[in-house]
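Summary of the model geometry
Below are the chains, spelled out letter by letter.
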Amino acid sequence: MAGLQNVATKYWHQLEDGRVQCDLCPRECRLKEGQRGLCFVRMRENDQVVLTTYGRSSGFCVDPIEKKPLNHFLPGTPVFSFGTAGCNLSCKYCQNWDMSKSREMDILANQATPEQIANTAKKLGCRSVAYTYNDPVIFLEYAVDTARACQEQDIKSVAVTAGYISPGAREDFFSCMDAANVDLKGFREDFYRKLTGGHLQPVLDTLKYLKRETDVWFEITNLLIPGHNDSMDELKAMVDWIVTELGTDIPLHFSAFHPDYKMLDVPPTSPQALTRARKIAREHGLRYVYTGNVHDSAGGSTWCPGCGELLIERDWYVLGKWGLDEKGHCANCGEKIPGVFDPQPGDWGAKRLPVSM
C-alpha cells in the first residue's frame, strides 16, 4: 500500500553547510543524506526530510477515554488508539520505552491508511481516535491525515503528547485536534535537560498556545517521580504557573511513576505522595485535580467546585454516579463544569479491545 512509502514533509530547510535542518521540533536535527533525526522516524532522503512510518503502527486498540487520561472529554466513551515508533525526547524513565525508543521497524507490523482507521473506528462505535503510545508529533503527517479522515466520519481526534513541537508545525498539528493530554514532565529546566534531553519552555509555549489560540480541549498530566520532580516548592511553582497562564479550570492529573527503562533504582510513587500533590494543587487554586495509575476513587472522581457534590464517580476506568445535567452543569447547584460532555455518559467501562486491521 502507498502508506509504506516514505512521505515527504515540509518542516525543514537547507543549511549553508549542505545539511538539512528538521524544523518539526525544538531539537532541530541537522541531517546529512541518509541520516535520521533523534526521533529515528524522520530522515533525510533525496535532500529533503521524509517520514518513514506513515501508514504503519505498533498496534491498534480500543481503550476507555479516561486512560489517555481525559476526564472532561466524552466520559465513558471508547477511543480507537494507535501509535507508531520513536520519540523526539529521551526520557530516562520512559514508561513506554519499547515503542518510543524502538530502533526496529519490525515493531510496526500493523498497516492502515487514514481512511481505514476512520472507518474502523466508526464501525466499532468509537467517538474519537487517539494518537498515543508514542508521541504523535513525530508522525504528524500520518496523524493529521487520519484526523481529517475522522472529521469526515464525525469522529473526534485526541493527541496524547509531550507538547515538544515548534511553531508552524504546532499550528498545523493542533488545527486538526479536538482534545489533547499534554505531559508536563516537570517544572525545572535542569529536570528536562538531564532526564528528558529536552527543554521546558517549548512545552510551556505549547500549553499557552492551546489555551490562547485554539478551541482544543486539553488536560495536563504530571508523572510524579520520587526525589526528582515531586518537591513541594516545584509542585507549587507548577500549579501557580498553570493558574496564572491557563486558568483554574484546566484538569491536572498526577500520575504514579513505576521503575522502568534507565531508572530502575527509583522507587514507585506512593499513593500518599499523589494525594499530597493533589491537595497542594487544589489549595493553590486548581479546581479539577486527579490522581492516576493508582486505585483512588476519590482522587479519580470529579467533584463540583461549587457545592462539593460528586459529579462523575470513577473506579479506575469504570464510571459510577453521574451528577451532571444534560448541559454539563452540576445537577445539584447548577455550576457549569468545563469540558466536552454528552447528555449521558458512555458505558465502555474498563474494556481494552485489541484490533487487527
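In case you missed it, the structure is sitting above this.
Source: prediction; values computed, not measured.

Reading the values: rules and limits
Residues numbered from 1 in each chain as written. Predicted model: local features only at pLDDT ≥ 70, side-chain atom pairs only at ≥ 80, totals over all residues. Heavy atoms only, no water. Helix = DSSP H or I, 4+ residues; strand = E, 2+ residues; numbered from the N terminus. Expected span 1.5 Å × (residues − 1). Buried < 20%, exposed > 50% of the residue type's maximum accessible area, 1.4 Å probe, protein only. Salt bridge = Lys/Arg side-chain N within 4 Å of Asp/Glu carboxyl O. Contact = heavy atoms within 4.5 Å. Pairing = 2+ DSSP bridges.

**Details of helix 3 (residues 140-152)**
Taking 1.5 Å per residue, 13 residues should reach 18 Å; helix 3 reaches 19 Å between its end C-alpha atoms and fits that length. Within helix 3, burial applies to Leu140, Glu141, Tyr142, Ala143, Val144, Thr146, Ala147, Ala149 and Cys150. Phi turns positive, to about 60°, at Asp154, one or two residues after helix 3.

**What about the pattern of salt bridges?**
The final tally for this structure, using the stated rule, is 17 salt bridges. For the salt bridge of Arg42 with Glu141, the shortest nitrogen-to-oxygen distance reads 2.7 Å. Here Arg42, found in strand 5 (residues 42-45), pairs with Glu141, found in helix 3; they are 99 residues apart in sequence, far enough to count as distant. With relative accessibility at 2%, the residue Arg42 sits in the buried group. Residue classification places Glu141 among the buried residues on the basis of a relative accessible area of 11%. Among the salt bridges present, the one from Lys279 reaches Glu283, with a minimum N-O distance of 2.5 Å. One end of the pair is Lys279 and the other is Glu283, both in helix 8 (residues 271-283) and four residues apart, which spans about a single turn. Glu283 shares its class with Lys279; the two are exposed. Three or more residues are tied together by salt bridges with common partners; here these are Glu33, Arg44 and Asp47.

**As for the side chain of Glu234**
For Glu234, the location among the structural elements is in helix 7 (residues 232-245). Setting aside its immediate chain neighbours within four residues, Glu234 contacts Gly186, Phe187, Arg188, His228 and Asn229.

**A short note on the sheet that holds strand 2 (residues 12-14)**
Strand order in the open sheet formed by three strands is 2-3-4, and the pairing between neighbours is antiparallel. Single-partner strands in this sheet number two, and they are strand 2 and strand 4 (30-31). Taken together, the three bridges between strand 2 and strand 3 (residues 20-22) define a ladder with antiparallel strand orientation. Across the sheet, Gln14 pairs through a bridge with Val20, a residue of strand 3.

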